[in-house]
Amino acid sequence: MINRFVIPMVAFVLLAVVLAVGIKHSPEKGVIASPLIGKPAPQFSLPSLSDPTHTVSSAALRGQWYLLNVWGSWCGTCRDEHQMLLDVRRSGRVRLIGLDWRDDDSQARGYLQQLGDPYEFVAADRDGRTAIDWGVYAAPESFLVNPAGIVVYKCMGELTPDIWEKEILSRLPKAQAAGS
Amino acid sequence: MRRATVICVAAAGLALANAAVVRAIDTTQMPTPELQARYEGLTHELRCVQCQDEALADSPAGVAADLRREVRDMLLAGKSDDDVRNFMLARYGDFVLFRPRFVLKNVWLWAAPEVLLVVGALVAWRVVRKRARLVSADTEPLPDDGSN
Amino acid sequence: MLPELGHFALILALLLAGLQAFFGIAGPMFGRERWSAAVTPAVAGQFVMVATAVGCLMASFVGNDFSVKYVAENSNTALPVFYRVAALWGAHEGSLLLWIMLLALWTVAVAALGSRLPRLFLARVLGVLGLISFGFLLFTLATSNPFLRLDPAAGDGADLNPILQDPGLAGHPPVLYTGYVGFAVAFAFACGAMLEGRMDQNWARWTRPWVTAAWSFLTCGIAMGSFWAYYELGWGGFWFWDPVECASFMPWLVGTALIHSLAVTDKRGLFKSWTLLLSVLAFSLSLLGTFLVRSGVLVSVHSFAADPSRGVFILSFLIVMIGGALSLYARRAPLLKSPAGFELGARESFLLFNNVLLVMAAGTVLAGTLAPLISGALGLGTVSVGPPFFNPTFMLAMLPLLALLSIGIHASWKRGRLGTQRRTLLYTFVAAAVLGCGLVYGIYSHGSLLTPVGATLGLWIILSSLVDPVDRLRRGLSLPRAVIGMTVAHLGLAIAVIALTTVQSFTNERDIALAPGASATVGGYQFRFDGVAPIEGPNYDGVGGTLVVTRDGAPVAVLKPQKRRYSVQHQVTTETAIHYSRGNNILVALGEDLGAGHWSVRIQIRPLVSFIWIAAVIMALGGALAISDRRYRLARTPSAVPAAAAPEHA
């Protein structure tokens, strides 16, 4: 029969394994895995930042790959990522849509004027409801959506060249035609 | 995730308390005491997704205020507590609940206390039985040192 | 100069700890007399070096030496001197040094007070303690050196985190760590016995005071943390089942079990291997707590700056120390058998139930705390655990425990004789139930089912605990300090139970927006908000509010909560204002400026909440009393008194 005095040692070994795995994953601790992956992207219909009388909606995005980037003029890390976004726009590999989260319209416009506007259009989510639908909890975040309208990848935090290559380019079809 | 911490904390990477020093005071008033109780229950049961060690009710983060507003609006619209929880689950996943769901993957967690109790009870029963059998043969006098 | 001296002292301490470990373990193992004798000088040397290092760091803080990186990160010229000292343990590196210092202190205490222990056993104990010191010193020097320099020196420091600039929190880590670290002594005693391959018949008697002492400190430390959370961090909340709170609570639960298990081993020579295991387990949980707080694997308010490389180091240390102890246990524990017997209704049984329930509680807390990690490791996705899990499951273990306490306290050793106690049991229970339900429904007209249950259990413990001491006094029998201590500790527990029940059932709380001059009524008190005014302090400015509290027109208090902005870190803290009146804690906190002079305010009335922490102090006091019993200063002599004359209750 089992020597019962060995049980504590065995239990400890299991615990050590769990802790070791925990350390390995710890940089991702607190990063909430998005439950949207593999699910249809939430629909939205919001005023456009450039022309608030005009409405932009997700219906216009059907049938093509797009990258939804959540940002705000108040967000410091968004500034760090801005150059990358301009590069994404220039590459023309995917439509880049902005979601201006809980921001002041004039400040947001000023931000884009100052740093450059990489977005095809920007939806102004003033009260944050749309961001909640997308499960946003901090800025910046970016969502890659396929032509069928399914979210295939969420980038939490700054979009770096590394992530762009490994996670986004790898999922896009080769040399997609630019724009609509 | 690090940004979330920076937003919550004035000086990241320092010292003991690594989360928001200031808690939010949520002055939302619901029209009936019953709704108020449900609102407070839910906002305390949901985790703030940004200041992740706080309940939704206590968090000063902007997104927390938005989510509290969602909870309020849903309750006012007549939704049930489960509707609210499912709303949050669909958008943020299990992480947002302080009470683990009663689903298959959490069985081990909810069963752990009961399993420990049963195992402990069995062990105790075996020990007591064994020692009770030894009592009559045990003629060693108890040490007299006034101990309790 | 001083920081280099401190750094050098730490390196020497490391070497001395290594020698201490080597001599202490290898000396007896290989029969080298001179090695075994060299342990005590090594202990003294290590202590002196560690004290020197701490002194150097403290001098750097007090002297505002911002060329030391750690000082620059945690202090500031405007920081009051008191907090400059406390800042020493305000962050990871310094708190490790505190750990090491306290371990050195405990080790010196064991060496000094252990003169009556067999020499070789003492050498082994000190050797194991040296091994632990060595590990922590190595960790500190390798990954967390507090003496690193900044070049060029910073002009001024980044200031101590404002939340730590508080007298309560200044005291909390030293007291808590004293308890945490103190369980290392029990661990060492257990390893000493296992290394020897036998358990001396006095082993339990030697170990008991050390365990009780550590436990008392830990009780106070946890209470201090809870009290601080109440008035500073949690705004009226005092326990969140936060991972770090759990990390300190688990050793406490196991430590409590250990105290009770040692009683059986001491008295009857039973549960020897189980007591050894608990000794290892208590300290293992302390180490696990250290790991959880510093490795960044869990989301927590308290965690130090997360660093996975530190996590790896601590985990390796855990594997060596705990793995080593447990494999020793697997080999040596089976040798410890005892022919003693006891009946179902005997004291031993109840202490066994006590242990089962406490370990069950500790296991539950462990499961909940590690749940995110376990779920992730098993590939089950995310899970998040909070009070809605911990509260009911903890009570599942505690309610039976509290009831069994009141019964078991009347049980005699070996033969129980509960039958003769039937009337006492009945009277005490009925009196408690009547009193409990009467008070609950008399003072308050409502309450959940748990309210009278909690009140009854608490009162039953009080009545039951007093039966034997009162009886002894009446009959003119001696009342040993150990019995007094036990009674006091149990009374403390009962008070905590009653206080917790009251607080959970009858807290009255409102978060409300108030305009200047507006009033709110909470819990029978009226609160008039008289607006805010600017305030200023040594390193902060902010606003202070005024709330005038009255009850039925009669003035009660004027409360002045504050919101402070600390100038260096630009961090805002809220200082609550608390008033104690008629057993109630009235707490007020300022929220946000809502414009036009309106402010959001939290008003909370908590009855009896202070008694939770008073109860903890009483429990610790009970422990201190028990340790002072003269039996711990005498060697046990074989019992020469015939069994019939021995008091059966003792």
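All values derive from a computational prediction rather than experimental measurement. (Residues numbered from 1 in each chain as written. Chains lettered and ligands numbered in written order. Predicted model: local features only at pLDDT ≥ 70, side-chain atom pairs only at ≥ 80, totals over all residues.)

## Notes on the overall build of chain A
(1) Moving on: Helices and strands together make up the secondary structure of chain A, namely 5 helices and 7 strands.
(2) Moving on: Counting from the amino terminus, chain A carries its helices and strands in the arrangement α-β-β-β-α-β-α-β-α-β-β-α.
(3) Moving on: Radius of gyration (C-alpha) of chain A: 21 Å, far over the 16 Å computed for a compact globule of 180 residues.
(4) Moving on: Expressed as lengths along the three principal axes of its C-alpha atoms, the size of chain A is roughly 80 × 35 × 30 Å. (Helix = DSSP H or I, 4+ residues; strand = E, 2+ residues; numbered from the N terminus. Rg over C-alpha atoms; globule rule 2.2 N^0.38 Å.)

## So, the overall build of chain C
(1) Moving on: A tally of helices and strands in chain C yields 18 helices and 10 strands.
(2) Moving on: What you see for chain C is a C-alpha radius of gyration of 27 Å, in line with the 26 Å of a compact globule of 650 residues.
(3) Moving on: A buried classification covers 60% of the 650 residues belonging to chain C. (Buried ≥ 20, exposed ≤ 12 C-beta atoms within 10 Å, placed from the backbone.)

## A few points about the domain arrangement of chain C
(1) Moving on: Annotation of chain C at the domain level lists domain 1 (1-160), domain 2 (166-336 + 351-379), domain 3 (417-505 + 616-631) and domain 4 (508-607).
(2) Moving on: Each of domain 3 of chain C and domain 4 of chain C was reduced to a C-alpha centroid, and the two centroids are 37 Å apart. (Domains from an automatic or database assignment.)

## Quick look at the packing of helix α8 (residues 167-196) of chain C against helix α10 (residues 243-268) of chain C
Residues and elements named next belong to chain C.
(1) Moving on: At a minimum axis distance of 11 Å, the contact between α8 and α10 shows a crossing angle of 45°. In this view, α8 runs oblique relative to α10, as classed from their interaxial angle. The chirality of how α8 crosses α10 is left-handed. Only Ser248, Pro251, Gly255 and Leu258 of α10 make contact with α8, whose side of the interface consists of Leu176, Tyr180, Phe183 and Ala186. (Axes fitted to C-alpha atoms, helices over the stretch in contact; angles between N-to-C directions. Parallel < 35°, antiparallel > 145°, perpendicular 65-115°, else oblique. Left-handed = near helix turned anticlockwise from the far one by under 90°. Contact = placed C-beta atoms within 7 Å.)

## Points about the packing of α10 of chain C against helix α11 (residues 272-295) of chain C
Residues and elements named next belong to chain C.
(1) Moving on: Contact geometry for α10 and α11: axes closest at 9 Å, N-to-C directions at 165°. As summarised for this structure, α10 and α11 are arranged roughly antiparallel, according to the angle between their axes. Crossing geometry of α10 relative to α11 is assigned as left-handed.
(2) Moving on: Along the lines of polarity and charge, the residues of the contact of α10 with α11 split into 17 nonpolar, 8 polar and 1 charged. (Nonpolar A, V, L, I, M, F, W, Y, C, P; charged D, E, K, R; others polar.)

## A look at the nonpolar core
Most often, soluble globular proteins keep nonpolar side chains buried together rather than apart.
(1) Moving on: In this structure, Leu103, Ala184, Ala186 and Val254 of chain C are the most contacted members of the largest nonpolar core, which totals 218 residues.
(2) Moving on: If you tally residues by element for this core, the top one is α8 of chain C, at 19 residues.
(3) Moving on: Core analysis: the second largest hydrophobic core is formed by 88 residues, Val122 of chain A, Cys51 of chain B together with Leu559 and Trp599 of chain C among them. (Core = buried A, V, L, I, M, F, W, Y, C linked by C-beta atoms within 7 Å.)

## Things to note about the environment of Val81 of chain C
(1) Moving on: Its place among the elements puts Val81 of chain C in helix α5 (residues 81-86).
(2) Moving on: Measuring from C-alpha to C-alpha, the distance between Val81 of chain C and Ala111 of chain C comes to 34 Å, with 30 residues separating the pair along the chain.

## Remarks on the sheet that holds strand β1 (residues 508-514) of chain C
All names here are of chain C.
(1) Moving on: Taking strand neighbours across the sheet as the criterion, the 4 strands line up as β1-β10-β9-β8 in an open arrangement whose pairing is antiparallel. Each end of this open sheet is capped by a strand with a single partner; those strands are β1 and β8 (577-581). Taken over all neighbouring pairs, the strand axes of this sheet differ in orientation by 20° on average, direction set aside.
(2) Moving on: Pairing analysis gives 9 bridges linking strand β9 (residues 584-595) to strand β10 (residues 598-607), with the strands arranged antiparallel. If you follow Asn584 over to β10, its bridge partner there is Pro607. (Pairing = 2+ DSSP bridges.)

## Re the sheet that holds strand β3 (residues 66-71) of chain A
Residues and elements named next belong to chain A.
(1) Moving on: With mixed pairing, the 5 strands of this open sheet are ordered in space as β5-β4-β3-β6-β7. Every interior strand has two partners, whereas the edge strands, β5 (121-125) and β7 (151-156), have only one. Geometrically, the sheet is characterised by an average inter-axis angle of 20° between neighbouring strands, direction not taken into account.
(2) Moving on: In this sheet, strand β6 (residues 141-145) lies alongside β3 in antiparallel orientation, the contact comprising 5 bridges. In the sheet register, Asn69 faces β6, and the bridge partner there is Ser142.
(3) Moving on: Along the sheet face, helix α5 (residues 161-169) touches β3, β6 and β7 and points at about 165° away from the line of β7.

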